[in-house]
Amino acid sequence: MLATVASVTLIGVDGRPIAVEAHVSNGLPGFSVVGLPDAACREARDRVRAAMLSSGLRWPQRRMIVNLAPSGVRKGGAGLDLPIAVAILAADGQLPPGCLDGMAFLGELGLDGSVRRVAGVLALVDALAPTAVVVPASVASEAALIGRHRICPASTLRGVVAALRGDEGWPLWPQAPPPAVGLAEPDLADVRGQALGRLAVEVSAAGSHHLLLVGPPGAGKTMLARRLPGLLPPLDTETALEVTRIHSAAGIPLPPETLIRRPPFRAPHHSSSTVSLIGGGTVLMRPGEVSCATHGVLFLDELGEFSSDVLDTLRQPLEEGRVLVCRARAAVTFPARFLMVAAMNPCPCGEGTGPSDCRCSDAARARYATRVSSPLLDRFDLRVTVNRPEVQALLGAADPGGPNESTAAVAHRVAVARAISHQRGMAANASIPAERLDDLAPLDRAGRRLLESRLREGRLSARGLHRVRRVARTLADLDERTGPVEADDVYAALGLRADPLAREAVPS
Ligand SMILES: [Zn+2]
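Overview of the structure. (Residues numbered from 1 in each chain as written. Predicted model: local features only at pLDDT ≥ 70, side-chain atom pairs only at ≥ 80, totals over all residues. Heavy atoms only, no water.)

Take unusual backbone geometry next. Cis rather than trans, the peptide bond between Ala69 and Pro70 has omega equal to 0 degrees. Residue placement: Pro70 occurs in the loop between strand S4 (63-69) and helix H3 (81-91). Even without being glycine, Ser208 reaches a positive phi, approximately 55 degrees. Turning to its location among the elements, Ser208 is positioned in the loop between helix H7 (195-207) and strand S10 (211-214). At Glu480, a residue that is not glycine, the phi angle is positive and equals roughly 60 degrees. By the element assignment, Glu480 lies in the loop between helix H20 (462-478) and helix H21 (487-495). (Helix = DSSP H or I, 4+ residues; strand = E, 2+ residues; numbered from the N terminus.)

Below, the structure written as C-alpha cells:
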C-alpha cells in the first residue's frame, strides 16, 4: 500500500515542502529511505523503528521504501522522522483512510516515542500551504506566529496516532512560559561623560554608519556599543518575520509567543570560527552570527584579536548584504545586512591614547596597527577614540539635554533623521551612492572649501571623502536641516573619522 504525507525541510532560512511517500509491500522485510536524505535523515530508520515500538505500535515485518520527493532537494536533519513514521503507519493500514488529508507533519522522534523540537519551525511552517500542521509541542507557539495554519501540538508519537484515529483530541497547548523579565535594553543615560562616543553611536544609528571605537580597557566601549540597538527603530512586521526566521533556523531561543521586534545585538567572541561567524556546518546548514545580526548590530569586541581569515569573510556580507555558504554538496544564501560596530585597544598595552601613558615600543605599535587591514578599517564611516571618563563626569548629576540624555530622547532624534533619509528614497545615509552625493548631500561653499583643503593636504582620500560627506549629511539630518550640508557638519564628520591607531601614510 502507498501513503503520502506532507512535510517540509529547511534549506538555509527557508522551508521547502516535501512529500514523504511510503510504500509497504509483501516480500523480504526491509526498510530503505531514498530521495537525497543526509546522514541524520538516513538514521531516521532506526529512530522511527524504536519510537514506534516504544509507543506500542506494530513495526511492519514487510518490505518498506520511503521516498522523499522532490528527489532533487537535499533533505537535512531529523525533522522528517514524524512524517516518515506516520506515512509507514498509514501505508501499513494502521491508520484510518483519509485521516491525513489536509495535514502536514514535522518533528524529530526520540527513541522513547517523544516528539522533539526542530530548528527553524517558523520558516518551515511558513512554507506550507494553509493546512493543519502537527508540530512538536515545545515549538507550537513559534509555529503559530505565522497565523495561517491550524497548529496541532504533539508531544508523543502515541498521542499523534491516537488523535489521528479519533481516539483522543490533540493535546492541549503547552503552558506559555512566563514573560521574560530583566531583558530591557540598557539605557544611554547610564553612560557618563563620553560626549564623542555618545555622538558617534547616535550618528551610527541615524545613518547606519559602521562604527569603530578605539580606547583603553574600561573606557566604556562595550557599554556604548550595547546601547546602540536601543537607538534603532523597532522592526516592522516584515523585518521582524525575517529576523525571527533566521534566529529560529539558528536555534536561538525566541521570545515567547511573539516575533522579535527589537533589532538584535550579536557579539561573537574573537576566537569565533568562520563557520560560527558566516554560517554553515556539517549536519545542517545554519546561519552564522552575521545573519543573526541582520537588521541589528554585529559587535566585534577586540577587533585586533580576530584572525585575519575570519575578518576577510566579512567582505561579502558588508558589500552585498548577504552571504553565500558553500559546502560539499550544497550552497545556501543567507541574509546578512547588519550595522557593524567594533572596538579595539589603541595599542598592545591598551594605554596608548596619550603617548606618555603607553609602554609599547614604536615597533610594537606599528605591528598592532596592521592587525586590521586597511580595506576593513576603511569600511568604518565613524572611527572615534574614547577615553576613560573624567572623575567629574562620573560624579556629575543627570542633566536632561546634557551629557546624560536617555536612550528614548536620542532614539527620537534618530527616528526623525531616518524619516528625512527615507523621504530622499534612501534606506539610510550610509548607502547613498557616491554619484548621488552632489544631489542628495550638496555642500555649502565653506564646507566644500574645507574638504578641498583636506584633499590637497593629502589628509583625506577619495573614498574617505564620500564617507565624510555621508556622515555630514546624517549630522545635518539629526539637526533637521534638509538644505545643503554646512561646514560645521563637515568639520564634525571629519572629527568622527579620525585614524585612532595613528597609522602613518594612510590618509583616512
Ligand atoms: Zn601601548
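That shown, we press on.
Summed over all chains, the structure comprises 29 salt bridges. Residue Asp92 pairs with Arg62 through a salt bridge whose shortest N-O separation is 2.9 Å. Placement of Asp92 in the loop between H3 and strand S5 (103-105) and of Arg62 in the loop between helix H2 (44-54) and S4 is noted, with a sequence separation of 30 residues between them. Relative accessible area serves as the criterion here: at 9%, Asp92 is assigned to the buried category. With a relative accessible area of 24%, Arg62 lands in the partly exposed category. (Salt bridge = Lys/Arg side-chain N within 4 Å of Asp/Glu carboxyl O. Buried < 20%, exposed > 50% of the residue type's maximum accessible area, 1.4 Å probe, protein only.)

Bringing the layout of surface pockets into the picture now. Approximately 980 Å³ is the volume attributed to the largest pocket. Lining the largest pocket are 30 residues, with Ser208, Arg337, Phe338, Ala427 and Ala428 positioned closest to its centre. Broken down by secondary-structure element, the contributors of at least two residues to the lining of the largest pocket are helix H13 (315-320), helix H17 (407-423) and H20. (1 Å grid on protein atoms, 1.4 Å probe; cavity = no way out; pocket = protein on both sides within 12 Å on 5 of 7 lines; lining within 4 Å. Points joined across faces, edges and corners; volume = space filled by probe spheres on them.)

On to helix H9 (residues 237-250), then. Under the 1.5 Å per step criterion, the end-to-end length of H9 is 20 Å for 14 residues, consistent within 8% with the ideal 20 Å. Among the 14 residues in H9, 10 count as buried, and that is most of the element. Taken together, the buried positions of H9 are Thr239, Ala240, Val243, Thr244, Arg245, Ile246, His247, Ser248, Ala249 and Ala250. Looking at the residues trailing H9, positive phi occurs at Gly251, about 75 degrees. (Expected span 1.5 Å × (residues − 1).)

Any functional reading would require information beyond the geometric quantities listed.
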